[in-house]
Amino acid sequence: MALQHRSLTTARMTLHPTTGAVRAALVLLLAVGTAGATLPQTALAAEASPAASQRDYSIPAGNLRGALASFAIAAGVNLSTQGVALDGLVTPGLQGRHGVSAGLQKLLQGSGLEVLDNGNGNYLLRKINTSTADGGLTSMPAVVVSAEADRATEGTGLYTARNMSTATGLNLSQRHTPQTVSVISRQQMEDFDLTTLQDVARATPGLYGKTQGVSDQETRYFARGFALSHVNVDGLPLDVTDFNERNVSADMLMYDRVEVVRGATGLMEGAGAPSGSINMVRKRPTATPLLDASIHLGSWKDRQLTVDASNALNDSGSVRGRVAASLRDSDSFVDVVNNKNSTVYAIVEADLTPSTTAGIGFSRQHSRTGGVFVGLPTLPDGRHMDLPRSTFLNNADSFQKRDNNVVFADLETKLEKGWRSRFAITHIDASSDTRNTTNSRVAGETYLLEQSETGWKYSTEQVVADWRLSGPVTWFGRQHDVIVGASYRHDDSDAAQSWEGAQTRVIDIRHWNPRAYRMNGAPFEPYNWGRKTDEKGLYAAGNFSLADPLRLVLGGRFGWYAQDVTGWYATNPTWRRSLTENAKFTPYAGLVYDLDQHHSVYASGTQIFQPQSVLDVKGNTLPPLSGTNLEVGVKGEYFGGRLNASGALFRIRQNNRAMTDEVNCPTGGPIYCARAAGQVQSEGVDLQLSGSPLPGWQISGGYTYVLAKYTKDSVAANVGQRIATDEPKQLFKLYTNVQLSGSLAQWNLGASVYAQDRIDRRDKAYLTQQGAYAIVGLTAGYRINEQLQLRVNIDNVLDRRYYQALGYSWSGGLERYGAPRSVLVSLNYKM
């Protein structure tokens, strides 16, 4: 039944049409993508194969798809199917101790399927076909199912992943990670059309996004009361503070999953806020053919085409490539607004030796917005005007251009005795150019606004590199896992006003025509700003087995941080060193105790620091902000890691916040100085559930309660008050999908719920607010045949009218509605 590896790959390369297409596309795209790259060509990366030793299994009889996914996770292997329809197939189950091949053959008894060992922990599932007995292989479509515990979620069909390393760098299961962690898998993204990072954040328990820039594609993310400082890609942190939130964009087409840690993450990220970490994990090339193409049509002329192809590029499969691209053109529920987005992603990886794998790739994202919507006004006292949701009060020929170009490489080597070395580097060059109108209040008027024209350019160039060495050690008769590493991050960011209107005008919003005035200003650069940051770090961590049920996760990081800034300038910048931190130590500690085979309790203390530029009376920079996350919780892992649950209580304290030094620099005096005595505290509850509680049923959701308030502050009235009332205290998110069986096996049905409590914004004689609300979504998929699936997604089914962003007392804009009911129809082809 089994074929020799060489025969299989030769036949595959000869017959499958994706090979030539992937080869040609990679040659063209990599040539273009690396033409201006500054990355060293010592590139590169891949994951290693799992062990094939015997293990104990307890997989019940029943649904074959679920049983195979559970087996692959437990065995730590990659399982690929060649166009095999698993819906409706059953398995006798698997009990006892088995090797990988024997276990798979047992699961497949009576199914008409067979398994082939493709080497390096890769297994191929296919229909038994006597015509292939001579070593040939019929050309059949492929869907890659990569269920290795610490690898891709693509093809597993699960809404979870068993292992992740974002929190500590160690390859830990969710259950044994002593912090609250979440995963948004590839399957969940596809089922609910989560195509942007904004979509993913909205689906992630405990994350909240504020969209209040000059474009609704600009979002700042919050967790546990604090803004996130970084968005990671493959574990490398990219800065998203200040203006950079405009420049770090993400099309989910490129990513297998998104891992999220909540709480302080200084061990791996270095400087930042004690909020959490988002880590987007890229798709990797597959050794077997993959082609995934789709077309989407939706409300407001939303049209999107995507294609994703991967295959081995030589007969042995030692060189593999993947290319993906998308093109989207969409209007908005807001009049005038149009968005055009395109993405290209390409990666090649090669096994340089039996133990070393290298990878290199690039991505390019282009976004063009015509008609920049800056929001709606409120009444002077903060009440909503209840304007139509389609209202556009800006200028029709305003625009925003955003470009994001990334080149990356990695190199991974398997060493002796289970050790691994990995080096990774990423270079990002991103920019945005916006020309828009802004509206301001006219004193004493309700419907009259003063409109002005402006234009701004922002750019950032960032280089992030990381090297880590990890493996097992045996001390005192017990095995432990340790990691040591070094990281480097540089970012060079700038901003400049690039346009100023010829004059301001007063408009009456009751009679506004967005095409009445063309933007007739001129290039203008009175304001420029620059910032350069260098950060270096040395870190180490270990997962120490103290006793059979007790583990200690212990680590620390020494960080060096330097930042130079210009301040605002007109022509010639004057750089000055604003922040310096040397050998700043950040500890990490957690205890995990296994109550039984499925449940663990844990307690952890994690830290992070954040430099600040405020000066004391002697002219010295204040000590950095220090954020400490204390957390206790319980976690559960069921069905071989196919279902994960957790509950946590947390308390975060951020110390050394700047407070006015009234003794040495009284308010109203000639100078301002501060002292590091302020403190804020955030505490709450974090509950979540993700994975498959029953065969064919996927679920991902959570409830979060956060109360973040001032405990010490320069303004006495602030003590005891919430830090930000425009962020909800309570969030509830639920996404679920069910694969039907029997005569309805071609159908899958799903639903989503997003709910939050009241938010508000206050000022003198001003109160604007949005009450608690819930948004319901529905999805249905129909599998036409083994390759084609038709899907319908309906968001905001009940057409709930709500505000996702609130206005300000001084502004004639910035208030934004959430999207009304929308429908999206997609046709997906996989082979």
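Shown above is the structure to which this text applies.
Residues numbered from 1 in each chain as written. Predicted model: local features only at pLDDT ≥ 70, side-chain atom pairs only at ≥ 80, totals over all residues. Heavy atoms only, no water.

Trainee: Explain the overall build of the chain to me, please; I cannot follow it from the model alone.
Mentor: A tally of regular secondary structure across the chain gives seven helices and 46 strands. The buried share of the chain, reckoned over its 831 residues, is 55%. When contacts within the chain are restricted to residue pairs at least 6 apart in sequence, long-range pairs at least 24 apart make up 69% of them. As displayed, the chain offers around 32800 Å² of accessible surface, 56% of which is attributable to carbon and sulfur atoms. (Helix = DSSP H or I, 4+ residues; strand = E, 2+ residues; numbered from the N terminus. Buried < 20%, exposed > 50% of the residue type's maximum accessible area, 1.4 Å probe, protein only. Contact = heavy atoms within 4.5 Å. Areas by Shrake-Rupley, 256 points an atom, 1.4 Å probe, with all protein chains shown as cover.)

Trainee: Where do I start with the state of the cysteines in this structure?
Mentor: Each disulfide is one covalent bond, formed between the sulfur atoms of two cysteines. Enumeration according to the criterion identifies one disulfide in this entry. Here C665 pairs with C673 through a disulfide, and the sulfurs are 1.9 Å apart. Because the sign of the S-S torsion sets the handedness, a value of about 110 degrees for the bond joining C665 and C673 places this disulfide among the right-handed ones. Classification of C673 as buried rests on a relative accessible area of 1%. (Disulfide = S-S within 2.5 Å.)

Trainee: Any chance you could explain helix α3 (residues 64-75) here in plain terms?
Mentor: For an α-helix the count is 3.6 residues per turn, leaving residues at separations of three or four pointing the same way. Compared with the 16 Å implied by 1.5 Å per residue over twelve residues, the 16 Å span of α3 between its first and last C-alpha is a close match. With ten of twelve residues buried, α3 is to be regarded as a mostly interior element. Residues of α3 that are buried include every one of L64, G66, A67, L68, A69, S70, F71, A72, I73 and A75, and no others. (Expected span 1.5 Å × (residues − 1).)

Trainee: What's the story with the packing of aromatic side chains in this structure? I'm lost.
Mentor: All chains considered together, the criterion is met by 14 aromatic pairs. The interplanar angle of 25 degrees and the centroid separation of 4.7 Å between the aromatic rings of Y57 and F71 together place this pair among those described as stacked. Of the two residues, Y57 is situated in strand β1 (residues 55-59) and F71 in helix α3; the sequence distance between them amounts to 14 residues. Of the two residues, Y57 and F71, neither departs from the other in class, the shared state being buried. Measuring from centroid to centroid gives 6.0 Å for W512 and Y517, while their planes differ by 15 degrees, and the two rings are stacked. Taken together, the ring pairs in this structure connect Y754, Y773 and Y802 into an aromatic cluster. (Phe/Tyr/Trp six-rings, centres within 6.5 Å; stacked < 30°, edge-to-face > 60°.)

Trainee: Can you help me understand the nonpolar core in this one?
Mentor: Buried together is how nonpolar side chains tend to be arranged in soluble globular proteins. Grouped together as the largest cluster of nonpolar side chains are 38 residues, with contacts concentrated most on L197, M252, V258, I278 and M280. Ranked by residues supplied to this core, first place goes to helix α6 (residues 197-203) with four residues. Those residues in contact with V258 that lie beyond four places of it in its chain are S182, V183, I184, M189, V200, M252, I278, N279 and M280. One finds Y208, L376, W512 and L806 within the second-largest nonpolar core, a separate group that totals 24 residues. (Core = buried A, V, L, I, M, F, W, Y, C linked by side-chain atoms within 4.5 Å.)

Trainee: Would you explain the packing of α3 against helix α4 (residues 100-107) in this entry?
Mentor: Geometrically, a packed helix pair is captured by the angle between its two axes and the distance between the axes. Where α3 contacts α4, the two axes come as close as 11 Å, and the packing angle between them is 170 degrees. What the angle tells us is that α3 and α4 run roughly antiparallel. Contacts between α3 and α4 involve L64, A67, L68, F71 and A75 from the first element and V100, G103, L104 and L107 from the second. Classifying every residue of the contact of α3 with α4 by side-chain character gives eight nonpolar, one polar and no charged. (Axes fitted to C-alpha atoms, helices over the stretch in contact; angles between N-to-C directions. Parallel < 35°, antiparallel > 145°, perpendicular 65-115°, else oblique. Nonpolar A, V, L, I, M, F, W, Y, C, P; charged D, E, K, R; others polar.)

Trainee: Before we go on, may I ask you to explain empty space enclosed by the protein in this structure?
Mentor: To find leftover empty space, one rolls a probe the size of a water molecule over the atoms. Evaluated as defined, the whole model comprises 13 cavities of 30 Å³ or more. Empty space within the second largest cavity amounts to approximately 200 Å³. Every residue lining the second largest cavity is counted, 16 residues in all, and those nearest its centre are R224, G225, V706, E727 and P728. Only β13 (220-223) and β37 (697-712) provide two or more residues apiece to the lining of the second largest cavity. With three residues, β37 is the largest single contributor of residues to the lining of the second largest cavity. (1 Å grid on protein atoms, 1.4 Å probe; cavity = no way out; pocket = protein on both sides within 12 Å on 5 of 7 lines; lining within 4 Å. Points joined across faces, edges and corners; volume = space filled by probe spheres on them.)

Trainee: What is the right way to read the sheet that holds β13 from this model?
Mentor: Picture the strands of a sheet paired through backbone hydrogen bonds; they go either parallel or antiparallel. Spatially, the three strands line up as an open sheet ordered β12-β13-β14, and their pairing is antiparallel. Edge strands, defined here as strands with exactly one partner in the open sheet, are β12 (207-210) and β14 (226-227). Pairing of β12 with β13 involves four bridges; the strand directions are antiparallel. Bridge assignment links K210 to a residue of β13, and that residue is R220. (Pairing = 2+ DSSP bridges.)

Trainee: Whenever I open this one, the environment of G701 confuses me. Can you help?
Mentor: In this fold, G701 is placed in strand β37. Overall, the relative accessible area of 10% leaves G701 in the buried class. Separated by 34 residues in sequence, G701 and Y735 have C-alpha atoms that sit 6.0 Å apart. Residues within four places of G701 in sequence aside, it is in contact with P205, L687, Q688, L689, K733 and L734.

Trainee: What's the story with the pattern of salt bridges in this structure? I'm lost.
Mentor: Pairing of side chains with opposite charge becomes possible as their charged atoms draw close. This model, assessed by the stated rule, comprises 44 salt bridges. A salt bridge links D686 to R262, with the nearest nitrogen and oxygen atoms 2.8 Å apart. Pair noted here: D686 is in strand β36 (residues 674-694) and R262 is in strand β17 (residues 255-262), with a separation of 424 residues, a long-range link. Judged by relative accessible area, which is 0%, D686 ranks as buried. By relative accessible area, R262 is classed as buried at 0%. Taking the shortest distance from any N to any O, the salt bridge between D329 and K340 comes out at 3.8 Å. Taken as a pair, D329 in strand β21 (residues 319-331) and K340 in strand β22 (residues 338-353) lie far apart in primary sequence, eleven residues in all. Relative accessible area serves as the criterion here: at 42%, K340 is assigned to the partly exposed category. The network of salt bridges with shared partners includes R284, R320, E349, D351, D410, E412, R420 and R422. (Salt bridge = Lys/Arg side-chain N within 4 Å of Asp/Glu carboxyl O.)

Trainee: Explain the environment of N737 to me, please; I cannot follow it from the model alone.
Mentor: Assignment of secondary structure puts N737 in strand β38 (residues 730-739). Taking C-alpha positions, N737 is 8.7 Å from Q188, a pair spaced 549 residues apart along the chain. Dropping the residues within four chain positions of it, N737 is found in contact with Y159, D191, G696, W697, Q698, N748, L749, G750, T779 and R791. At 3.4 Å, the side chain of N737 and the side chain of N748 are in polar contact. (Polar contact = N/O pair within 3.5 Å; in protein donor to acceptor, adjacent residues only side chain to side chain.)

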